[in-house]
Amino acid sequence: MADSKTERGVKWEVRANDHYFHQSCRRKSFLCFRWGRYADNVVRSYKYTPLTFLPLNLYEQFQRVANLFFLLIVILQCVPIIATIPWYSTMLPLLFVLLVRGCKDLATDLGRRRSDGQINRRPCDILTPEGFKTVKWKDVRVGDILQVHKDQVIPADLLLLCSTEPHSLCYVETADIDGETNLKFRQALSVTHTELNGDSVKQNLAAFDGIVWCEKPNGNLHSFKGELHWKGERHLLDTDHLLLRGTVLRNTDIAYGLAIYTGSDSKILQNCGKLKLKNTQVEMLLNKTVLVILLFMITTALLLAVGAGLFEHRVSPKYDVVSVLQRDSSPAYLGFITFWGYIILLSPSMPMSLYITFEVIHMVHCLLIGWDIEMYWEDNNSPAQARTTTLNEELGQVGHLLSDKTGTLTQNRLLFRQCFIAGHIYGDMSKELKPLDLSWNRFSCGGLKFSDQRLVDKLRERSSPECQEFFTALALCHTVMSEWRDGLPHYQAASPDEEALVCAARELGWVFLSRTRETLTISEMGLTRNYQLLALLDFTSKRRRMSVLVRDPGGQLKLYCKGADIVVLERLQRDWPLQESTERALELFAQGCLRTLCVAVRSVPEALWTEWSRTLSQAGTSTGNQETVLEEIYDQMEKDLTLLGVTAIEDRLQEGVPETIATLRRAGLKVWVLTGDKTETAVNVGYACKLMDPDTILIQGEELRQLLESPSPDVHVMSKEPEVWITDRRAVKSKAALVISGPELAEMTKAPEWGAKFVALSDQCQSVLCCRVTPAQKAEVVEMVRKHSTSITMAIGDGANDVNMIKTAHIGVGLCGVEGSQAVQNADFALAQFRFLRRLLLVHGHWSYYRICILLRYFLYKTTAFALVHIWYSFYNGFSAQPMYESWFISLYTTLYTSLPIQCMGFFEQDVSTKSCLCWPEIYSIGQKEQLFNPLVLAITLLYSVYTSIILFFIPMGILQYSALDYQTLAVTVQTSVLLTMTVEVILHTKFWTKYSVAAVVFSLVAFFLSTLALHSTRLFTASPKDYFFLGASPNAYSTPEVWLTICLTTCIAVLPSITIRALGVVLTNPNKHKIHSSNKPVELKSWFQRGTLQRRSSYAVSQGKGFGKLITTGVGLPSTAPPQDRRVTADSLKKESPQGSLIEMNSGDVAC
């Protein structure tokens, strides 16, 4: 028995109501050790426990090479023979860095704990011997039987046992799992429905002792294989019997389920893998620079150690005092000891505190993004969120923006706006929309954004049989389920398009009331009519249409069909009337970015129906490929159709999308749109949102293939007209856009050289449209751009189907849309509206890049210049590794004296204002070109630090070496010059002064002088002469005018290059002048797909998933409640939306606006 189960792949055993069995196999853990089989239902996204926080956090922090390096330095400083400076001079800064980082990690982890606690404390009902008891989610165990109420989130993966609906059906909303807002049905086994339902359902469930054998926990959301063993029988289980954790129960009062997978074993948590670790280009370059500094430091220490050995070998014997101090050590041994001494002495050149400052500034930038009131959307109380704190500067370097369309550029709220019936276009698309008076319709719920009194008059007067037949088709041809609330019908549809059409028919008098397995009941202008449902030809993404075969009250058989224009029009009768006007109507709807659907009818003879139904029954019992057979049978019925009309649904653009895309294009971003929609819809949305100019040509199909197959490695697109008055040659772009479909992309991935050519070709065009692409292909496109381009990629989307590309891109942005929250949960940044992207990139992105680049350059400059002084001093102290500074100055230099001014620069610095960033988006190119942080800039910065260190040492040394002042006075003079030089550099770099910036500069100077005087005081010397041996050095030095003159001269010469460069920049820079560029175009590309032609179709408006046809034809899950009596609600009960558009009428092929 066990072997057979293993062969069938069912190894996971769940016993209903057997708490002892599951408790004995409960999964447990201690530290990193885990044992047991069944997980509890507790969500644990946190990393630390009180026992593991300290060791685990320290382990993580010492993964950084800089922290590990300084730990080794502290260990070396504890060896007296090589300790050139006291151990605390490095230990204190290291402890500060570890403490700040540890506190940050702890705060982040506590936030995770709070979030986990909110989920774990959600209430649910489980079955106990005393009945159902309300407990918390965390108390649910495998084998428990749960009672889930309507609109509750399901707490674990449950096997549906029964529900209060007919046939134990229930509906779930899966938006948080797959991004789809339409409902999906689940149904219990007939045996559990029959045996467990009834008046004594609690007693039946308590006595239920079935055993489930199923597959082990896995992350496959769309498959489930299992068996229920009960009462000696075996029943097969699949996904239709499983309620997944995270879904929401809808349209079902109560459902009962058996917990199969809990906690980390549930399918949704199995899919919550770790996000890819993303490092910015700036940080990667910084790490390389630090590595170069480390190699330079080791090399320098080695050379100085050689110098120490030579000094001992050749110079020391000449001086008895030096020979006595060395205690007869060999030159090699002395050089070895000196090498480690210099490693300790030069260690401050490694920017230890840079990393912590780097993280603090990143966190502040994230807070500033969240606090920006201009990116707050009041409608759903959604501020901008920075969910990742390490990518801020890359927001200012984005070169490619790859965007989803539906729900990202559009609102994903579908409105019935126009229709074409019998040669006429109805519907007012003007901005001043006049609402219809629907007070005569007792079923009206309001919210209709359609306005054309002519159509209403024809329907009420019954003067147009075509219009009546058209809306009869809309009221009958669907898989919508009705639910009555407050005396009015409310609909649940397999797609938002279907719901929009049925609701529009309801508002205009053709009201879908209810359905059973064999009937459809509608109200036609107050007259209730029952239609016999003979067959439902359900929608599939391959068929792209659906049909219903009904018998009307008069006994006539009719087939109503709706679907994509390309599939419906080819099934019409030959030489069908109004062909030209229909084509023009489809073109006009497409130009208005409306999603279209063709509606048709066919009168079916009784003999044909009898023969066809017999064939259909035989197909239902066939054992072959049933879907293919059914499609062929459906095709036999769906032909010789008569067109009734065309519907036009608006998926309105989000507010500010055209302006945002136009501004981002000016900023130099290449915007790509990746969508599952058809080409025509994507192209029209591209024109509407200013992704392309009106005169842009489209390169696609065979034309694009020829360019990619060109043997030349360089492909160029030439525009028709010369560009003039261009100041930036990079802006000279061809008025062309690339359009590619999913199958073409799949073919391109097989030829890697095509990917490189495609990306190179896209750089010469305005934009790229990728149509009919799958979620996996979206990620492949992002990967292709990353592979063949050096620019930073950003992916933005709002649904679960966008998660792959969001994770793949350098930066992922999730929109808080209507397709669930998975995109936001996996994104680096979260926004409420696409238009906020302009401010996120052009303002916060540019500022972050500018601030962080200035911070890094200054940090490298100040630490390197500070440390290199020791090298120059070595030539005067016999390479003895004696420090130039006082030990306490070395400890406090980075952590106290120079930290606050540069942090304020990192927090608040602005090279241009918010208004300037938005008015002149071309400024954004600074980050795209990496002008502020590149190898050349870093080399110049390091060379400048070398110059500064030479000035800081040799000028004071040259002035004071022949005076009566001692070493300690020289040390005070040099370290004061160092601090003043670094402070002046900060002042020169700061362009945007705040009160905090001023306070930081003042505090640093005051802190330095006060602490220096205190550290050189008699009291501290008396307490610890070994640690505070600069007794009275600073009072004596500061009382000497010669010292102050030396400090002033040194500081002025040190910052002279910086001042000179700024002065020359002001004097020599000429204002930009317009230049005229012209070019002779050897090649002119033309596309067959031109704007304004009749070749385009608008998009197919039906969902790409299966409908409820199977449920309806099997007669399960249909509400038994009859429509209640007359009851009205006002239009205010629905949310209002702003209209736009124009009025068009068409008659017999003529168009009149």
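Nothing here was measured: the structure is a model prediction, and the numbers come from that model. (Residues numbered from 1 in each chain as written. Predicted model: local features only at pLDDT ≥ 70, side-chain atom pairs only at ≥ 80, totals over all residues. Heavy atoms only, no water.)

J.: Mind laying out the sheet that holds strand S33 (residues 792–797), listing which residues take part and the relevant values?
T.: Strands sit in the order S16-S35-S34-S33-S17-S29-S32-S31-S30 across an open sheet of nine strands; the sheet is mixed. Where the open sheet ends on each side, the last strands, each with one partner, are strand S16 (385–386) and strand S30 (697–700). Across four bridges, strand S29 (residues 670–674) lies against strand S32 (residues 767–771) in parallel orientation. The partner of Leu-674 across the bridge, within S32, is Cys-770. (Pairing = 2+ DSSP bridges. Helix = DSSP H or I, 4+ residues; strand = E, 2+ residues; numbered from the N terminus.)

J.: Report on the nonpolar core, specifying residues and quantitative values.
T.: Membership of the largest hydrophobic core comes to 88 residues, with the highest contact counts inside it found for Leu-856, Met-884, Tyr-885, Phe-933, Val-978 and Met-982. Counting residues per element, this core draws most heavily on helix H29 (residues 836–874), at 18 residues. Among residues more than four places away in sequence, those in contact with Phe-933 are Val-282, Leu-285, Leu-286, Tyr-849, Cys-853, Leu-856, Arg-857 and Leu-938. With 51 residues, the next largest nonpolar core counts Phe-450, Phe-470, Leu-476 and Val-601 among its residues. (Core = buried A, V, L, I, M, F, W, Y, C linked by side-chain atoms within 4.5 Å. Buried < 20%, exposed > 50% of the residue type's maximum accessible area, 1.4 Å probe, protein only. Contact = heavy atoms within 4.5 Å.)

J.: An account of the side chain of Arg-417 is needed here, citing residue identities and associated values.
T.: The topology assignment puts Arg-417 in strand S18 (residues 410–421). Separated by 2.5 Å, the side chains of Arg-417 and Glu-650 make a polar contact. (Polar contact = N/O pair within 3.5 Å; in protein donor to acceptor, adjacent residues only side chain to side chain.)

J.: Explain the UniProt feature "binding site: Mg(2+)" (unreviewed entry) in the protein chain residue by residue, including any values.
T.: What UniProt calls "binding site: Mg(2+)" (unreviewed entry) maps, in this numbering, to Asp-404, Thr-406, Asp-798 and Asp-802. On the basis of their most widely separated C-alpha atoms, the annotated residues across 399 residues gather in one place, lying no more than 10.8 Å apart. Summarising the element assignment, Thr-406 is placed in the loop between strand S17 (398–403) and S18. As for its placement among the helices and strands, Asp-798 is situated in the loop between S33 and helix H27 (803–808). There is a polar contact of 3.5 Å between the side chain of Asp-798 and the side chain of Thr-408. (UniProt positions renumbered as here; feature names shortened; annotations may be inferred.)

J.: I'd like a description of the packing of aromatic side chains, backed by residues and values.
T.: The final tally for this structure, using the stated rule, is 41 aromatic pairs. Judged by centre distance (6.3 Å) and plane angle (80 degrees), the rings of Phe-336 and Trp-340 are edge-to-face. Residue Phe-336 and its partner Trp-340 are both found in helix H12 (residues 331–346); the two are separated by four residues, about one turn of the helix. Under the relative-accessibility criterion, Trp-340 is labelled partly exposed at 28%. Members of the aromatic cluster, each reached through a chain of ring pairs, are Phe-866, Tyr-885, Phe-889, Tyr-893, Tyr-897, Phe-1008, Phe-1009, Tyr-1038 and Trp-1044. Lys-231 extends its terminal NZ or CZ atom over the ring of Trp-230, reaching a point 4.6 Å from the ring centre. Directly above the ring of Phe-859 sits Lys-862, whose terminal nitrogen or CZ lies 4.3 Å from the centroid. (Phe/Tyr/Trp six-rings, centres within 6.5 Å; stacked < 30°, edge-to-face > 60°. Lys NZ or Arg CZ within 6 Å of the ring centre and 35° of its normal.)

J.: Can you tell me about the sheet that holds strand S12 (residues 233–237), naming the residues and giving the values?
T.: Strand order across the open sheet formed by four strands is S1-S10-S11-S12, with antiparallel pairing between neighbours. Edge strands, defined here as strands with exactly one partner in the open sheet, are strand S1 (12–15) and S12. The sheet shows a mean angle of 20 degrees between the axes of neighbouring strands, taken without regard to direction. Examined bridge by bridge, strand S10 (residues 211–214) and strand S11 (residues 226–230) share four bridges and lie antiparallel to one another. Across the sheet, residue Ile-211 finds its bridge partner in S11, namely His-229. (Axes fitted to C-alpha atoms, helices over the stretch in contact; angles between N-to-C directions.)

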